[in-house]
Amino acid sequence: MTGRRRTSHRHKRRRKPDEAVHQDLVQRRFVAAGPDRLWCTDITEHPTRGGKVYCAAVLGVFTR
């Protein structure tokens, strides 16, 4: 078995999520009384060979 070596993999430690930077204005109640009242948003950065690409999403809670 010349040339073969066993590799060991280190386990990643899970850490607690950081505290929220902003106030939770909806107190985790994702229910809207009508349209155009409450929206959820998210933005994600994806590295590519040509640079960074950003993906943004907006979701109306009432109609989803």
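Refer to the structure above for everything that follows.
Right, let's walk through the structure included here. This structure is a prediction, so every number in the text was calculated from the model and none was measured.

**As for the overall build of the chain**
Here comes step 1: Of regular secondary structure, the chain possesses 0 helices and 2 strands.
Here comes step 2: Surface summary for the chain: the accessible area is close to 7,600 Å², and the carbon and sulfur share equals 51%.

**Considering unusual backbone geometry**
Most peptide bonds are trans, and most residues other than glycine sit at a negative phi.
Here comes step 1: One non-glycine residue, Gln27, adopts positive backbone phi at about 50 degrees.
Here comes step 2: Note on placement: Gln27 falls in the segment before β1 (39–48).
Here comes step 3: Of note in the backbone geometry, Arg64 takes a positive phi value of approximately 50 degrees without being a glycine.
Here comes step 4: Looking at the element boundaries, Arg64 is found in the segment after β2 (51–60).
Here comes step 5: With a relative accessible area of 67%, Arg64 lands in the exposed category.

**A short note on the pairing of β1**
Here comes step 1: Across 10 bridges, β1 lies against β2 in antiparallel orientation. Within β2, the position partnered with Thr44 by the bridge is Cys55.
Here comes step 2: The turn joining β1 and β2, which pair antiparallel and follow one another in sequence, is formed by 2 residues.

Reading the values: rules and limits
- Residues numbered from 1 in each chain as written.
- Predicted model: local features only at pLDDT ≥ 70, side-chain atom pairs only at ≥ 80, totals over all residues.
- Heavy atoms only, no water.
- Helix = DSSP H or I, 4+ residues; strand = E, 2+ residues; numbered from the N terminus.
- Areas by Shrake-Rupley, 256 points an atom, 1.4 Å probe, with all protein chains shown as cover.
- Buried < 20%, exposed > 50% of the residue type's maximum accessible area, 1.4 Å probe, protein only.
- Pairing = 2+ DSSP bridges.

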